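In case you want the letters, here they are:
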Amino acid sequence: AQSVSQHNHHVILSEAASLELGCNYSYGGTVNLFWYVQYPGQHLQLLLKYFSGDPLVKGIKGFEAEFIKSKFSFNLRKPSVQWSDTAEYFCAVNAVNTGRRALTFGSGTRLQVQP
Amino acid sequence: EPEVTQTPSHQVTQMGQEVILRCVPISNHLYFYWYRQILGQKVEFLVSFYNNEISEKSEIFDDQFSVERPDGSNFTLKIRSTKLEDSAMYFCASSEGGTSPSAEQYFGPGTRLTVT
């Protein structure tokens, strides 16, 4: 079974600072990788996903993530954060070629951006 | 933009009672899911549903739980004989059909279940 680790539980940044949130997964096979965001009081929304091709994936709102297969990592980045990026960020995976669609989530990282 | 909706937003029930959580998936989606998040813990997969039957379930989804698509729009999660540890946020999600498991899952806003 797969598992996901997000090592940063709570990150506080000032506006315009750069962001990198770590995500590592554990699974021996091929995976699809996702980052979801949950703004205060709102539902989970997909930021970006990787399932094949270019390991550098660009998502909405200026976010990007890089899949490094050798490190089992899929870190989320943004060069300059805004106050409106304050939210909880979840990394998730599902296993390819198993027929399973269930997402396995990390524990989430709460990002607080100070104006 | 189409959205997944869930009702109620907050449900309080007494231990031992049965609850039904309701979801309206996006209309042209074929896969439906329930996840839960106990306060302070990870979002956990419970069950997926396709073509009117369970396609996948986790070890959490035992006989206490059941899912149903009673009509063409609703997707429900029934929890029988609720326990204190069932208190959690329950998220419904849906995704398009097709064979690719990379299809995006669209999440609803969640129902907060509190068992007292």
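As shown above, the structure is provided for reference.
Below, the structure is looked at part by part. None of the values given here were measured: they were computed from a predicted structure.

1. A short note on the side chain of Glu56(B)
Its place among the elements puts Glu56(B) in strand β6 (residues 53-57). Polar side-chain contacts of Glu56(B) include one of 3.0 Å to the backbone nitrogen of Arg101(A). Glu56(B) has contacts with Arg100(A), Arg101(A), Ala102(A), Phe45(B), Leu46(B), Val47(B) and Ser48(B), leaving out every residue within four places of it along the chain.

2. A short note on the packing of aromatic side chains
Residues and elements named next belong to chain B. Tallied over the entire structure, the rule returns 18 aromatic pairs over all chains. Seen from their ring centres, Phe-32 and Phe-75 are 5.4 Å apart, and the 40° between their planes marks the pair as tilted. With a gap of 43 residues between them, Phe-32 in strand β4 (residues 31-37) and Phe-75 in strand β8 (residues 75-79) connect regions that are remote in the sequence. An identical accessibility class is assigned to Phe-32 and Phe-75; each is buried. An angle of 50° between the planes, with centres 5.3 Å apart, marks the rings of Tyr-35 and Phe-107 as tilted. Linking Tyr-35 in strand β4 with Phe-107 in strand β10 (residues 106-107), this pair joins segments that are 72 residues apart in sequence.

3. Observations regarding the interface of chain B and chain A
Across the boundary between the two partners, chain B contributes 23 residues, which contact 20 residues of chain A. Interface of chain B and chain A: buried area, both sides summed, is about 1,800 Å²; carbon and sulfur atoms make up 55% of it. Close ionic contact of Arg100(A) with Glu56(B) constitutes a salt bridge, the shortest N to O distance being 2.8 Å. The interface formed by chain B and chain A includes 7 residue pairs in polar contact (both at pLDDT 80 or more). Of all elements in the fold, only β4, β5 (43-50) and β9 (88-95) of chain B reach the threshold of two or more residues within the side of chain B that touches chain A. Broken down by class, the residue content of the side of chain B that touches chain A amounts to 10 nonpolar, 8 polar and 5 charged.

4. Side note on the state of the cysteines
Residue and element names in this part refer to chain B. The full count for this structure, using the stated rule, is 2 disulfides over all chains. With its sulfur 1.9 Å from that of its partner, Cys-23 forms a disulfide with Cys-92. A torsion of -65° about the S-S bond marks the disulfide between Cys-23 and Cys-92 as left-handed. Here the residue Cys-23 occupies a position in strand β3 (residues 19-24), and Cys-92 occupies one in strand β9, the gap between them amounting to 69 residues. Looking at Cys-92, the relative accessible area reads 0%, which means it is buried.

5. Thoughts on the sheet that holds strand β7 (residues 65-68) of chain B
All names here are of chain B. Reading across from one edge, β1-β3-β8-β7 is the order of the 4 strands in this open sheet, with antiparallel pairing throughout. The open sheet is flanked by β1 (5-7) and β7, the only strands paired with a single partner. Each neighbouring strand pair of the sheet contributes to a mean axis angle of 20°, computed without reference to strand direction.

6. Thoughts on the environment of Phe67(A)
Residue and element names in this part refer to chain A. Relative to the elements of secondary structure, Phe-67 occurs in strand β8 (residues 64-68). It is 9.7 Å that separates the C-alpha atoms of Phe-67 and Cys-23, two residues lying 44 residues apart in sequence. When neighbours within four sequence positions are excluded, Phe-67 is seen to be in contact with Tyr-25, Leu-33, Tyr-50, Pro-55, Ser-73 and Phe-74.

7. Details of the nonpolar core
Leu33(A), Trp35(A), Leu47(A), Leu48(A), Phe74(A), Leu76(A) and Tyr89(A) are the most contacted members of the largest nonpolar core, which has 28 residues in total. Dropping the residues within four chain positions of it, Tyr89(A) is found in contact with Gln6(A), Leu21(A), Trp35(A), Tyr36(A), Val37(A), Leu47(A), Phe63(A), Leu76(A), Gly108(A), Thr109(A) and Leu111(A). Membership of the second largest hydrophobic core comes to 23 residues, among which are Ile60(B), Phe61(B), Leu113(B) and Val115(B).

8. What about the pattern of salt bridges?
Across all of its chains, the model carries 6 salt bridges over all chains by this definition. Here the salt bridges share partners, and the residues they tie into one network are Lys58(A), Glu64(A), Glu66(A) and Arg77(A).

Scoring rules and cut-offs
Residues numbered from 1 in each chain as written. Chains lettered and ligands numbered in written order. Predicted model: local features only at pLDDT ≥ 70, side-chain atom pairs only at ≥ 80, totals over all residues. Heavy atoms only, no water. Helix = DSSP H or I, 4+ residues; strand = E, 2+ residues; numbered from the N terminus. Polar contact = N/O pair within 3.5 Å; in protein donor to acceptor, adjacent residues only side chain to side chain. Contact = heavy atoms within 4.5 Å. Phe/Tyr/Trp six-rings, centres within 6.5 Å; stacked < 30°, edge-to-face > 60°. Buried < 20%, exposed > 50% of the residue type's maximum accessible area, 1.4 Å probe, protein only. Buried area = accessible area lost by both parts, 1.4 Å probe. Salt bridge = Lys/Arg side-chain N within 4 Å of Asp/Glu carboxyl O. Nonpolar A, V, L, I, M, F, W, Y, C, P; charged D, E, K, R; others polar. Disulfide = S-S within 2.5 Å. Pairing = 2+ DSSP bridges. Axes fitted to C-alpha atoms, helices over the stretch in contact; angles between N-to-C directions. Core = buried A, V, L, I, M, F, W, Y, C linked by side-chain atoms within 4.5 Å.

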